[in-house]
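Letter by letter, the chains look like this.
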2 protein chains.
Amino acid sequence: MFDTTVSHTTGNDTTTEIETEIRKIIDARAARSGAYGVHFLELCDLAAAQLNGGKLLRPRLLMGAFDALTTERTVTAATRSVALEIAAAVEILHFAFLLHDDIIDEDLLRRGRPNLVGHLAGKTSSAKQTAMEQGISDARRLHWARSSGILVGDLMLTIAHQAFARARVSEEYRLRLLDLLDATVTETLAGEYCDVGLADGCITPDLELVLNMTRMKTAAYTFELPLRVASIICGSDHRLEQQLGSVGRHLGLAFQLQDDLLSAFGQSETHGKDPYSDFREGKETALIAYARMTHAWPSIEQLIGAEEFSEESGRRIQNLLIECGAQQFVESMVQDQIRAALSMLSAHDGVVPTAVSQFILTFVDALDGRRA
Amino acid sequence: MFDTTVSHTTGNDTTTEIETEIRKIIDARAARSGAYGVHFLELCDLAAAQLNGGKLLRPRLLMGAFDALTTERTVTAATRSVALEIAAAVEILHFAFLLHDDIIDEDLLRRGRPNLVGHLAGKTSSAKQTAMEQGISDARRLHWARSSGILVGDLMLTIAHQAFARARVSEEYRLRLLDLLDATVTETLAGEYCDVGLADGCITPDLELVLNMTRMKTAAYTFELPLRVASIICGSDHRLEQQLGSVGRHLGLAFQLQDDLLSAFGQSETHGKDPYSDFREGKETALIAYARMTHAWPSIEQLIGAEEFSEESGRRIQNLLIECGAQQFVESMVQDQIRAALSMLSAHDGVVPTAVSQFILTFVDALDGRRA
């Protein structure tokens, strides 16, 4: 690694840099995986291919914030290289969460394409070939595919932790990064636990709980983590890190609520999931939690998560969610959260540098209404 | 932490020290988990209770080796305290593997008692209470319990990595510990992947592959990891670390093969699993891989993993495995592996100190024929 001082690098293609960094981490690992047999190597290759398709929302946010934070001062190439490594690790952490989330939700698709489990259950690999030759039942093949998803998720969680643990920064910063990773992972798992408890009817739903779950499950690692990592690595004080963390929490909640709106009302071609899958699975979103408190609930309750779920049921639920005000409530919550973030970013207290505010505003504008 | 020099402490009750250390790690976390809601706190408490029941094989091996390695020199209390923290982390890592292993195997029991999933699916908790009040089906409750097992496994994997990442040793040693953890976790996951692929018929079995799987899945983290961690923390040279690692691999394979023998031929009261569960699930053990190459295979194949599996089928498979020589083959492999370990331990090349050899021999003697 070069230790020369570099100036701000917004001119670089950050996305390419992130992709290269992820590939570097995965390739180094694939080289070692051969020692564990051909089947495991094949699994690692498949995981690498699946990891490749993402929009890199989190690492792009991290690197954009890092570069904006360092416009007015210079950082060494070594420091920026640490930021890139952690940005790649954050994407790999995201992949770990997606893998286990898809297992829990029993999803075989992600962004409209077969996910890792769907791929293993449905496509030909040497292991699959063996299964077909031996006339293995679909149920056993699916069990094998799902088990593989659990194990690959564990591997990705390990890779992400290893990157944070090895970050070449001072011990103080390394411990701050590790604390942040710990809090973020715990919060995400707690959010996911709450989500599945609600969906399975094992936790009693109410609007506050559902909003907390939404914040914990996505906002923490999608927006707060990247912004705080960027602050720590470039040496910002605690006050700026905290402020950017709060901005991230507001934006993260807005992002997830927007995602819920898209799943409920958007075109499946846009959001890449089965149409009405949230309704079919009985997912407890803020939309549903709000609707529970209205006159429309008895009608929605009959339809949602029902054994026989038709497209007609889906359209009927959409109309009921609009009529009862749930859609409007969630839409205005999205706006509230964005407004809260913007007011923190544009406060004239000098905490958040202008370049950083501008980057975040541009980033959010580009996201608006799209699923990442 | 005190930084005074202490002499060798075999007189202490190491088991109590390890239990205290595990409790310290879990309690610190439980204190923070309250922030994520009452349901998550309850889940963490349950996980802590489940973690409590183990025989602490791995951390006891680690601390025993550490204390034996430091009989002839003095180490600081701070160094021994690092060893204890990592010993606790190794037990927590083991718990993470067990949790995901039980999900994959669809087991609800561990050591004859309900495991975490079995507990959540079957016992009363506030979340479960809600489910019962709402008349939630058993299938949804089981889905919730299994999802919780995946998430708690992730949390335990995180805790183990955090402990290694924060080990208060020199940077050189910390990186050696992290390299070792990385290799061990990857090897264990590769072994588990191979195991499930074999059990589901998605990977073609042969004896060599099955023995490799057995070594990867258990030997690496059960014996090699604790012995190498002890060497690294007390500052041994690479040669001793390598030698103890090899001893660990041999003992680990012997231990797992012995475990397979116990599952197949032992009393279920002793080994704490459903009797014949390996046969019922069609597990690909060295016993089965050997039997495949004999005249007994067609008869065994009809019985093993069959839809209708009776106690009679179990007894019949036992007899066939004895008749065809599989039992004897695996028993002599166990002896071979133990002999190889012993010859390394008693070699007069001065690599392994006598106190360490003696400790390991005593430890293995106490294990012999018992499931840990």
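Residues numbered from 1 in each chain as written. Chains lettered and ligands numbered in written order. Predicted model: local features only at pLDDT ≥ 70, side-chain atom pairs only at ≥ 80, totals over all residues. Heavy atoms only, no water.

Let us now look at the overall build of chain A. The number of helices and strands found in chain A is 17 helices and four strands. Over its C-alpha trace chain A gives a radius of gyration of 22 Å, about what one expects of a compact globule, namely 21 Å for 372 residues. With the principal axes as the frame, chain A shows a C-alpha extent of 65 × 60 × 30 Å. Counting only contacts in chain A whose residues sit at least 6 apart along the sequence, the fraction spanning at least 24 positions is 77%. Across chain A, the mean location of the 35 positive side-chain charges is 4 Å away from that of the 51 negative side-chain charges. (Helix = DSSP H or I, 4+ residues; strand = E, 2+ residues; numbered from the N terminus. Rg over C-alpha atoms; globule rule 2.2 N^0.38 Å. Contact = heavy atoms within 4.5 Å. Lys, Arg positive; Asp, Glu negative; His and termini not counted. Charge placed at Lys NZ, Arg CZ, Asp CG, Glu CD.)

Residue and element names in this part refer to chain B. Mapped onto the elements, threonine 70 comes out in the loop between helix H3 (57-69) and strand E2 (75-76). The exposure class assigned to threonine 70 is buried, which follows from its relative accessible area of 3%. Looking at threonine 70, its side chain comes within polar contact range of the main-chain oxygen of phenylalanine 66, at 2.9 Å. (Buried < 20%, exposed > 50% of the residue type's maximum accessible area, 1.4 Å probe, protein only. Polar contact = N/O pair within 3.5 Å; in protein donor to acceptor, adjacent residues only side chain to side chain.)

Residues and elements named next belong to chain A. Look at helix H2 (residues 38-51) against helix H4 (residues 77-105): their axes get within 11 Å of each other, and the N-to-C directions meet at 105°. The orientation of H2 with respect to H4, classified from their angle, is roughly perpendicular. Contacts between H2 and H4 involve Ala47, Gln50 and Leu51 on the former and, on the latter, Glu91, Ile92 and Phe95. (Axes fitted to C-alpha atoms, helices over the stretch in contact; angles between N-to-C directions. Parallel < 35°, antiparallel > 145°, perpendicular 65-115°, else oblique.)

Before going further, it helps to examine the pattern of salt bridges. All names here are of chain A. All told, the structure shown has 50 salt bridges over all chains when counted by the stated rule. Here glutamate 284 ties to arginine 292 by a salt bridge, and the two come within 2.8 Å at their closest N and O atoms. Taking the shortest distance from any N to any O, the salt bridge between glutamate 312 and arginine 315 comes out at 3.7 Å. Of the two residues, glutamate 312 and arginine 315 both sit in helix H15 (residues 311-323), three residues apart, roughly one turn of that helix. When salt bridges that share partners are traced, they join Asp101, Asp102, Asp105, Arg110, Glu192, Asp195, Lys217 and Lys283 into one network. (Salt bridge = Lys/Arg side-chain N within 4 Å of Asp/Glu carboxyl O.)

Residue and element names in this part refer to chain A. In terms of domains, chain A is made up of domain 1 (1-168) and domain 2 (170-372). When each unit is reduced to the centre of its C-alpha atoms, the spacing between domain 1 and domain 2 is 23 Å. With 34 residues of domain 1 at the contact, the number on the domain 2 side is 38 residues. Taken together, the two surfaces of domain 1 and domain 2 that pack against each other cover about 3,200 Å², and 75% of this comes from carbon and sulfur. Considering only the side of domain 1, the residues that lose the most area to domain 2 are Leu61, Leu69 and Phe164, jointly responsible for 21% of the buried surface there. Put simply, domain 1 and domain 2 have two salt bridges between them. Residue lysine 283 pairs with aspartate 105 through a salt bridge whose shortest N-O separation is 3.5 Å. Across the domain 1-domain 2 interface, the total number found is two residue pairs in polar contact (both at pLDDT 80 or more). (Domains from an automatic or database assignment. Buried area = accessible area lost by both parts, 1.4 Å probe.)

It takes a turn of 180° to lay chain A on chain B, together with a shift of 0.0 Å along the axis; the resulting RMSD is 0.0 Å. What we have between these two chains is a two-fold relation. Relative to the rotation axis, the closest C-alpha in chain A is found at Ala165(A), a distance of 2.5 Å. When you check the interface residues of chain A against chain B, 100% turn up at the interface there too, and the contact is symmetric in its surfaces. (Least-squares fit on C-alpha atoms with pLDDT ≥ 70 in both.)

An ideal rise of 1.5 Å per residue puts 28 Å on 20 residues; helix H1 (residues 14-33) of chain A measures up with 29 Å between its terminal C-alpha atoms. Within the sequence span of H1(A), burial applies to Thr14(A), Ile18(A), Glu21(A), Ile22(A), Ile25(A), Ile26(A), Arg29(A), Ala30(A) and Ser33(A). Of the surrounding secondary structure, the elements contacted by the buried residues of H1(A) are H2, helix H3 (57-69), H4 and helix H7 (138-165) of chain A together with helix H8 (171-199) of chain B. (Expected span 1.5 Å × (residues − 1).)

Okay, the interface of chain A and chain B next. Contacts between the two partners involve 55 residues from chain A and, on the opposite side, 55 residues from chain B. Together chain A and chain B conceal approximately 5,400 Å² of surface at their shared face, both sides included; 61% is due to carbon and sulfur atoms. On the chain A side of the contact with chain B, Tyr36(A), Tyr193(A) and Cys202(A) bury the most area, a combined 14% of that side's loss. At the junction of chain A and chain B, the tally comes to six salt bridges. Across the salt bridge formed by Asp182(A) and Arg32(B), the nearest N and O atoms sit 3.5 Å from each other. Across the contact surface, chain A and chain B share 20 residue pairs in polar contact (both at pLDDT 80 or more). For the side of chain A that touches chain B, the secondary-structure elements that each account for two or more residues are H1, H2, H4, helix H6 (126-133), H7 and helix H8 (171-199) of chain A. For the side of chain A that touches chain B, the element with the highest residue contribution is H8(A), accounting for 17 residues. For the side of chain A that touches chain B, the per-class residue count stands at 27 nonpolar, 14 polar and 14 charged. (Nonpolar A, V, L, I, M, F, W, Y, C, P; charged D, E, K, R; others polar.)

Here the focus is H4(A). In an α-helix, one full turn covers 3.6 residues, which means residues spaced three or four apart are oriented alike. Its 29 residues place the ends of H4(A) 42 Å apart at the C-alpha level, agreeing with the 42 Å of an ideal helix rising 1.5 Å per residue. Immediately downstream of H4(A), the backbone of Glu106(A) shows phi near 60°, a positive value.

All names here are of chain B. Topologically, glutamate 241 is positioned in helix H10 (residues 238-265). In sequence terms glutamate 241 and asparagine 319 are 78 residues apart; their C-alpha atoms lie 42 Å from each other. Discounting residues that sit within four places of it in the chain, glutamate 241 has contacts with Arg176, Arg228, Ser231 and Ile232.

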